[in-house]
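Chain by chain, the residues run as shown.
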Amino acid sequence: MSKLQPVRGTRDIFGDDMRRFSHVVRIFERLAQAYGFDEISTPIFEFTEVYKRTLGETSDVVTKEMYTFEDRSGDLLTLRPEYTAGIARAYMSGGMAQAGVSRLFGWGPMFRHERPQKGRFRQFHQLDAEIIGAAEPAADVDLLALAWQLLSDLGISDRIVLHLNSLGDQESRLAYRAALTAYFADHVDALSEDSRMRLQKNPMRILDSKDPGDRALLPDAPQIADYLNERSRAFFETVCAGVKSLGIPYIHDQRLVRGLDYYSHTAFEFVTDALGSQGTVLGGGRYDGLIEMMGGPSTPGVGWAAGIERLAMLIDEPPAPMRAVALIPMGDAAEKQALVLARDLRAAGLRTLMDYKGNMKKRLNRAAKADARLALIIGDEEVARGAVVVRDLDHSTQKDCALWAVHDQVRMMLAAPPIADISPAASRDVIDAEQP
RNA sequence: GCGGGCGUAGCUCAAUUGGUUAGAGCGCCUGGUUGUGGUCCAGGAGGUUGCGGGUUCAAGUCCCGUCGUUCGCCCCA
């Protein structure tokens, strides 16, 4: 292999991968519109402070995963590792706060300097949906409904379960954190090395440790649910009730915590077992403290992000592109005519392929390989009498057609069932009936 | 950032205990067919065996490094 390779953890997306990718994005855009979200696009880099302040100094993203660099004017910039902080920043700098509740969606590349694995890249892409300015649990439910419908429309919801938890408000969280710290402090000797670090930085993360020793301590550990204050408990119950009425299957996963500092109340992940250890396909939660943390007015918010690559890996075959019409001009005069014909067919929205070289056999061959449905053959004879041969590549039938009637003829033949939809016997009949 | 597996043609894979000119299928190109495709037949192109070093008379094969990839840890989409 040559040195011309993409940077580690990045990749070119084309062919089947690109079709899957686009399909995911298209379904998302359509749904987000239906749910009343407005599209937003934010820069793929921000001042480093935007992420440092909001994600938490001790988070993995900030301590070891950011692509940070100094630009020519000496500003410290970071390629966005996630979408929410950038959108929150845009919300403030764009004066959206005056407009009341903002329902925003977007998608694009994210960058994290991690060890690549299946379903994990250094440049990856996320779908993102946020509701900023709504403090009500109904907003959380609304967002979960969008997420679930997305997974359903992609045809993958049967392989995915919603893990739902509440981290409570600030008060609840601090109380729980204190209790948790006290509990684990009594068992420091039994903790793994990683978890001893977590105990210092973010004790809640010990809860989702995979270390057997750590896990043995969990059954007796304090549970977040027992530390939720009345407000937080009511909030969570409303969210759960909404999820239930929507018929979204979920489990209350008390060990679900999120790595970023800005989360409160609702936290959730949609998880599949089909992607190895990268099972989370969509995740998010409520971040009531985020905007204040960034220096703005106290503003509630909820949101989620989904990995496009991970979703694309889970879906079945994406829809095939439109069957094409292939133009096969033979000779100079024919080529001129084909040029105009191609322009008109394309203007009419038909996928039209134009082949430039080779004998008829090769051109027909290429047309068939490109999955064209029809071939329009124009040679000197046809030019001379103002006609075109329209060949149905599925049925191996063809018709002579006057130039002025080509559009109608093409439409008619495209409307006929493709070969896949008719029985072999019927296909033979057609050929017998129409083959010259 | 840490640990394990794997890198041979565009793709999927062969190549005996280290042995001489690294093969096959698929795909691609050309011809058989001067204007009729998918089948068939014949031919062709395509490789610094990821890269670098080492051991050896001899390395695709063994050793070291490196890059990539993959699985797990960490964490997440």
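Bear in mind the structure is a predicted one, so any value in this text is a computation, not a measurement. (Residues numbered from 1 in each chain as written. Chains lettered and ligands numbered in written order. Predicted model: local features only at pLDDT ≥ 70, side-chain atom pairs only at ≥ 80, totals over all residues. Heavy atoms only, no water.)

Here we come to helix H4 (residues 84-93). Most of H4 sits out of view: seven of its ten residues are buried. Here H4 has its buried residues at Thr-84, Ala-85, Gly-86, Ile-87, Ala-88, Ala-90 and Tyr-91. As for H4, its buried residues are in contact with strand S2 (45-47), helix H2 (48-55), strand S5 (102-111), strand S6 (123-132) and helix H10 (290-293). Positive phi shows up at Gly-95, right after H4, with a value of about 70°. (Buried < 20%, exposed > 50% of the residue type's maximum accessible area, 1.4 Å probe, protein only. Helix = DSSP H or I, 4+ residues; strand = E, 2+ residues; numbered from the N terminus. Contact = heavy atoms within 4.5 Å.)

The geometry of two aromatic rings is summed up by the distance between their centres and the angle between their planes. Applying the stated criterion across every chain, the model contains eight aromatic pairs. Aromatic side chains Tyr-183 and Phe-184 sit 5.2 Å apart centroid to centroid with 70° between the ring planes, which places their arrangement in the edge-to-face category. According to the relative accessible area criterion, Phe-184 is buried, its value standing at 0%. Relative to Phe-270, the ring of Phe-268 lies with its centre 6.2 Å away and its plane at 80°, an arrangement referred to as edge-to-face. Taken individually, Phe-268 and Phe-270 each receive the classification buried, so the pair is uniform in this respect. Each residue in the set Phe-28, Phe-105 and Trp-304 is aromatic and connected to the rest through ring pairs, giving one cluster. Here the guanidinium or amino end of Arg-11 rests over the ring plane of Phe-121, the centre of that ring lying 5.0 Å away. We note Arg-80 situated over the ring of Tyr-83; from NZ or CZ to the ring centre the distance is 4.6 Å. (Phe/Tyr/Trp six-rings, centres within 6.5 Å; stacked < 30°, edge-to-face > 60°. Lys NZ or Arg CZ within 6 Å of the ring centre and 35° of its normal.)

A few words on the nonpolar core. By size, the foremost hydrophobic cluster in this structure holds 48 residues, and its most contacted members are Leu-127, Leu-150, Phe-270, Trp-304 and Leu-311. Looking at this core, the element that brings in the most residues is helix H5 (residues 137-153), giving ten residues. Judged by nonpolar contacts, the second largest core, of 43 residues, contains Leu-55, Val-62, Tyr-91 and Met-204. (Core = buried A, V, L, I, M, F, W, Y, C linked by side-chain atoms within 4.5 Å.)

What follows deals with the layout of surface pockets. Counted as a void, the second largest pocket has a volume near 380 Å³. Of all the elements, helix H6 (residues 170-185) adds the most residues to the lining of the second largest pocket, at four residues. Taken together, the residues of the lining of the second largest pocket sort by class into four nonpolar, seven polar and seven charged. (1 Å grid on protein atoms, 1.4 Å probe; cavity = no way out; pocket = protein on both sides within 12 Å on 5 of 7 lines; lining within 4 Å. Points joined across faces, edges and corners; volume = space filled by probe spheres on them. Nonpolar A, V, L, I, M, F, W, Y, C, P; charged D, E, K, R; others polar.)

Where helix H1 (residues 15-34) contacts H5, the two axes come as close as 10 Å, and the packing angle between them is 140°. Between H1 and H5, the crossing angle belongs to the class labelled oblique. With respect to the hand of their crossing, H1 and H5 are arranged in right-handed fashion. Between H1, through Ile-27, Phe-28, Arg-30, Leu-31 and Ala-32, and H5, the contact on the second element is made entirely by Leu-146, Gln-149, Leu-150 and Asp-153. (Axes fitted to C-alpha atoms, helices over the stretch in contact; angles between N-to-C directions. Parallel < 35°, antiparallel > 145°, perpendicular 65-115°, else oblique. Left-handed = near helix turned anticlockwise from the far one by under 90°.)

We now examine the sheet that holds strand S3 (residues 67-70). Here we have three strands laid out as an open sheet, ordered S2-S4-S3, and antiparallel in their pairing. Looking at strand neighbours, the two that pair on one side only are S2 and S3, the edges of this open sheet. Shown here is a sheet whose adjacent strand axes are inclined to one another by a mean of 30°, direction ignored. Contacting S2, S3 and strand S4 (76-79), H2 runs over the sheet at an angle of about 75° to S2. (Pairing = 2+ DSSP bridges.)

Bringing the pairing of strand S14 (residues 372-378) into the picture now. Counting buried positions over the seven residues of S14 gives seven, a clear majority of the element. Taken together, the six bridges between strand S12 (residues 324-329) and S14 define a ladder with parallel strand orientation. Residue pairing across strands places Pro-329 opposite Ile-378, the latter belonging to S14. With four bridges joining them, S14 and strand S15 (residues 387-392) adopt antiparallel strand pairing. From the neighbouring strand, Ile-377 faces S15, where its bridge partner is Val-389.

Split into domains, chain A comes out as domain 1 (2-169 + 229-314) and domain 2 (324-427). When each unit is reduced to the centre of its C-alpha atoms, the spacing between domain 1 and domain 2 is 47 Å. (Domains from an automatic or database assignment.)

To continue, consider the packing of H5 against helix H9 (residues 230-245). Their axes nearest at 9 Å, the elements H5 and H9 cross at an angle of 35°. With respect to the hand of their crossing, H5 and H9 are arranged in right-handed fashion. Here H5 contributes Pro-137, Asp-140, Val-141 and Leu-144 to the contact with H9, which in turn contributes Phe-235, Thr-238, Val-239, Gly-242 and Val-243. Looking at the contact of H5 with H9 residue by residue, the class counts come to six nonpolar, two polar and one charged.

With that settled, consider the sheet that holds S15. What holds strands together in a sheet is hydrogen bonding between their backbones, with the strands either parallel or antiparallel. Ordered by their spatial adjacency, five strands build an open sheet running S13-S12-S14-S15-S16, and the pairing between neighbours is mixed. Strand pairing shows two members of the sheet lacking a second neighbour, strand S13 (352-354) and strand S16 (397-402), which therefore form its edges. When the angles between neighbouring strand axes are averaged without regard to direction, this sheet yields 25°. Sheet analysis places S12 next to S13, joined by three bridges and oriented parallel. Note on S13: the bridge partner recorded for Ala-326 is Leu-353.

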